[in-house]
Amino acid sequence: MSFKKDYFEIRLESIGGLGANLAGKILGEYGALYLGLNASSFSSYGSEKRGSPVKSYIRYAKENTPIRVNSPIKTPDVLGIFHIALAGKENLLAGVSENTSIVVNTNKDIDEVRDILKLYGGKLYCIDALNIAIETKSRINMVMLGAIAKTNDFLDINKLEDCIKDTIGKKYPKALENNLNAIKKGYEMVKFKEIKVDNKYDYIVSDDIKTKWGYKNAPIGGVNPSFGSSISNDVSASREGYVPVFIKDKCINCGLCDSTCPDMSFQFVKGEYKGKEAMVNLGIDYHHCKGCLRCVEICPVNALEAKLEKDINIYEQHIRNKDLIIDKLDFENIGASSFVTSESYTEDTKI
Ligand code: SF4
Ligand code: SF4
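Residues numbered from 1 in each chain as written. Chains lettered and ligands numbered in written order. Predicted model: local features only at pLDDT ≥ 70, side-chain atom pairs only at ≥ 80, totals over all residues. Heavy atoms only, no water.

Q: Can you help me understand unusual backbone geometry in this one?
A: Trans peptide bonds make up most of the peptide bonds, and negative phi angles are found at most residues other than glycine. Of note, lysine 137 is a non-glycine position whose phi angle comes to about 55°, a positive value. Position of lysine 137 relative to the elements: it lies in the loop between helix H3 (129–136) and helix H4 (140–149). For asparagine 302, which is not a glycine, the phi torsion comes out positive at approximately 55°. Assignment of secondary structure puts asparagine 302 in the loop between helix H10 (294–298) and strand S11 (304–308). You can call asparagine 302 partly exposed: its relative accessible area is 48%. (Helix = DSSP H or I, 4+ residues; strand = E, 2+ residues; numbered from the N terminus. Buried < 20%, exposed > 50% of the residue type's maximum accessible area, 1.4 Å probe, protein only.)

This is the structure in structure tokens:
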């Protein structure tokens, strides 16, 4: 069993840190070496990978059809969304029709996901990849690969496992069992619903198809408008289940966490410590925290602890020093609709 069109195309939408780039490479190798197809795969991401948008493209063609197209995928047969918090991101659903299989990493109910995504139509697959990855001590991308294999009969799960054994298994033999377990769970636990087109939400065409580019509107060269770190950019979707928790009573305000954190997530203000004027640590702005846990490692007095994100109330822990920040984000909605857009670029450049 194979596909009918000339090409079978997969687009992975992600944020740096969740492994979409590697998943794309694995799918490319799997198609070429294990399914007997022609295959190409490539990714696009910014210079700062963790926290910045990532797109990965995989194109398959039958053995006797050469792949002569090297452009990004505009109308995917399979769309993998590596985190539900990407909902609302520009062009996320571009080219998705009722024939597309959409695989989403989410712990939400499948009907709710349709509304969060504002999905036009398609075959919706939902998998709680984050928690399965934690349980199996694997990565989100492995669970997503298993779930993606469920979408089409020719994506043979046994051959995918063989591919993982020969690639990841050779490089990281100790991680192989956990990765295979994660793939299996992704394949077996993914939930499915066919979303019929009912005109509740619009079909979305990608900007570069609908826009006529010219000298007046061409993107500025050498500028990355989808940067990872900025005041308005929400990078919480890069977290893989763990967050640092700040224990104020233990903190000696040494500032090591602040100088270590790649995203300036810590909020320091002028205050008093041991009777002297000092910069005092208020805690973490989780809007910017990628969950890398470097701050936990560096803290000399264990004032930062790594916890499972699902076990803590992130809203109670969340600190935003509004005196330092000018933006229009909804603080109650961290992790959702405020993901980077070209508008956020304009906002930041005004500040
Ligand atoms: S490294 Fe630890 S002790 Fe130092 S400021 Fe940060 S939280 Fe406080
Ligand atoms: S885990 Fe710590 S170091 Fe890493 S982004 Fe979050 S606050 Fe910064």
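Q: Help me understand the sheet that holds strand S5 (residues 101–105) in this model?
A: A sheet is described by the order of its strands in space; here seven strands give the open sequence S2-S3-S1-S4-S5-S6-S7, paired in mixed fashion. What marks the edges here is a single partner per strand, and that holds for strand S2 (38–45) and strand S7 (191–195). Here the average twist between neighbouring strands, direction ignored, is 15°. Two strands pair when backbone bridges link them, and S5 and strand S6 (residues 122–127) are joined in this way by five bridges, in the parallel orientation. Bridge pairing in S6 places valine 104 opposite cysteine 126. Across the sheet, helix H1 (residues 20–34) touches strand S1 (7–15), S2 and strand S3 (53–61), and the angle it forms with S3 is around 5°. (Pairing = 2+ DSSP bridges. Axes fitted to C-alpha atoms, helices over the stretch in contact; angles between N-to-C directions. Contact = heavy atoms within 4.5 Å.)

Q: Please explain the packing of aromatic side chains as it appears in this structure.
A: What characterises a pair of aromatic rings is the spacing of the ring centres plus the angle enclosed by the ring planes. Within the structure shown, the criterion is met by eight aromatic pairs. With a centroid separation of 5.5 Å and 35° between ring planes, the pair formed by phenylalanine 3 and phenylalanine 8 is classed as tilted. Here the two residues phenylalanine 3 and phenylalanine 8 agree in accessibility, since each one is buried. Aromatic rings pair up to connect Phe3, Phe8, Tyr60 and Phe154 into one cluster. Over the face of the ring belonging to tyrosine 187 we find lysine 150, whose NZ or CZ atom lies 4.6 Å from the ring centre. (Phe/Tyr/Trp six-rings, centres within 6.5 Å; stacked < 30°, edge-to-face > 60°. Lys NZ or Arg CZ within 6 Å of the ring centre and 35° of its normal.)

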